[in-house]
Amino acid sequence: MNALAAAWRTALDAELPHAVALRHELHASPYVSGEEEPTAKRVVDAIGLHAEPIAGTGRLLRLGPPGPAVGLRAELDALPLAELTGAPFASPNGAMHACGHDVHLAALVAVVRAARRVELPVGLVALLQPREEVGPTGAADVVDSGRLLDHHVRALIAAHVQPLVAAGCVTADAGPVNASVDEVDIVMTGRGGHGAYPHLAADPVPPLCRAVLALPEAARSATSPLHPVVVTVPQIEGSNAPNILPDTARASGTVRAMREQDRVRVHERLARTVAGIAEAAGCTGEYRVRRGEPALVNDATLAAASREWLTSFGVPTASFASCGSDDFATYGAQVPILMHFVGTGEGPGGPMLHDARYLPGDEVVGQVASALLAGYLAGASLAG
């Protein structure tokens, strides 16, 4: 396996100039979720292999021997965001690869093209996944299609740029590294009226505000302080005029947890909290949940093996986890998964993911490619 790794890395180095040029091209012409067909076509053309459609605008490609395989995933979609980087290859069309998907795609292309020059021990399945940024996400459709199982994928690997990780470092941590995320609505119903006569109404706005402020504390009291949970409620809606008390007021937000059991307990506690505050105010309260992605839990065996390969490549490793979310977590119900985070080093004071100013350097293409290669080699030991 060491000889394979050395030969593959040499071939990969030769592919990086092509991959960087492709990154610029993809970045300058992004397409948002559900409209990624041109991106998928361009990436497939760059790889030069037959591809099958999956999850609508996605693609699946395979090379190497039949039988067990390791999958490498990259995302196709951009965000509906006007770019402010000032780069010569900046997007002019009101969409932007502000989450690094252009880098991920270019790195995957480099790894797959280089793989054609070596003898693979197990199959390599390249997954170009659509709709990572919006729900229903592409990952759920890929899982439901059963095509990963049809291709005998034994492990699925991804890598994502991360500005909170030191530049040049790559993570390969076991266990939960991203949180589950669910969207929630708090609907408070009372009795509307005139702002001058609140005693003749049951204004739902004050209890809604009390509920919004109470939910984070309720979540903290439902779980261990060693288990991260984040409740964010940034949307509130009441009446459309300053002197009207509405019949109904609504707030919306997200609930994130790193462990499934905490996810369940928190929702139960928040529902009781909303109902209790509503009853005390003479209103009724509903707590509605739209379940999203589960927590992203990296397979321990994959993580340990990939970290060893990264070290052998001379790539510095780091640790990182956050309450961000990624639909890559969905694949964990079907196959062992491993998400690497590749540091771009902007830190808390710099542009973050989904920022119109966020632009990883071209050198990150090679770093993401190294992470994907390390993941394949780790997965091959499981698949073989």
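All values derive from a computational prediction rather than experimental measurement.

Asks: Go over the pattern of salt bridges, please, and point to the residues and values.
Replies: Applying the stated criterion across every chain yields a total of 23 salt bridges. A salt bridge links R113 to E15; its shortest N-O distance comes to 2.7 Å. Of this pair, R113 sits in helix α3 (residues 101-115) while E15 sits in helix α1 (residues 2-28), and the two are 98 residues apart along the sequence. Overall, R113 belongs to the partly exposed group, its relative accessible area being 24%. Overall, E15 belongs to the buried group, its relative accessible area being 4%. Residue R131 is joined to D141 by a salt bridge in which the shortest nitrogen-to-oxygen separation is 2.4 Å.

Asks: Break down the packing of aromatic side chains for me, citing the residues and quoting the values.
Replies: Per the stated rule, a full pass over the model turns up four aromatic pairs. Judged by centre distance (5.3 Å) and plane angle (80 degrees), the rings of F320 and F341 are edge-to-face. Of this pair, F320 sits in the loop between β15 (317-318) and β16 (337-343) while F341 sits in strand β16; the two residues are 21 residues apart in sequence, bridging distant segments of the chain. Judged by its relative accessible area of 13%, F320 is buried. Given the relative accessible area of 4%, F341 is considered buried.

Asks: Can you explain the pairing of strand β8 (residues 180-189)? Please cite residues and give values.
Replies: Most of β8 sits out of view: eight of its ten residues are buried. Bridge analysis of β8 against strand β12 (residues 248-257) gives ten bridges, and the strand direction is antiparallel. Paired with S180 across the strands is A257, a residue of β12. Note that β8 and strand β13 (residues 284-291) share eight bridges and pair antiparallel. Each bridged residue has a counterpart across the sheet, and for V184 the counterpart in β13 is V289.

Conventions we followed
Note that residues are indexed from 1 along each chain, following the sequence as it is written. A pLDDT threshold of at least 70 governs which residues receive local features in this predicted model, and a stricter bar of 80 or more applies before side-chain atom pairs are shown or counted, although totals over entire chains, interfaces and linings include all residues. As a convention, hydrogens and water are excluded, and side-chain values are obtained from all of the structure's heavy atoms. We define a salt bridge as a side-chain nitrogen of Lys or Arg found within 4 Å of a carboxyl oxygen belonging to Asp or Glu. The secondary structure listing takes helices from DSSP runs of H or I that are at least 4 residues long and strands from runs of E that are at least 2 residues long, numbered from the N terminus. Buried, partly exposed and exposed residues are distinguished by accessible area as a fraction of the type maximum, computed with a 1.4 Å probe on protein chains only: under 20%, between the cut-offs, and over 50%, respectively. Under the pairing criterion, centres of Phe, Tyr and Trp rings, with the six-membered ring standing for Trp, must be within 6.5 Å; the plane angle then separates stacked pairs below 30 degrees from edge-to-face pairs above 60, leaving the rest tilted. Strands pair, by our definition, only if DSSP identifies at least two bridges between them.

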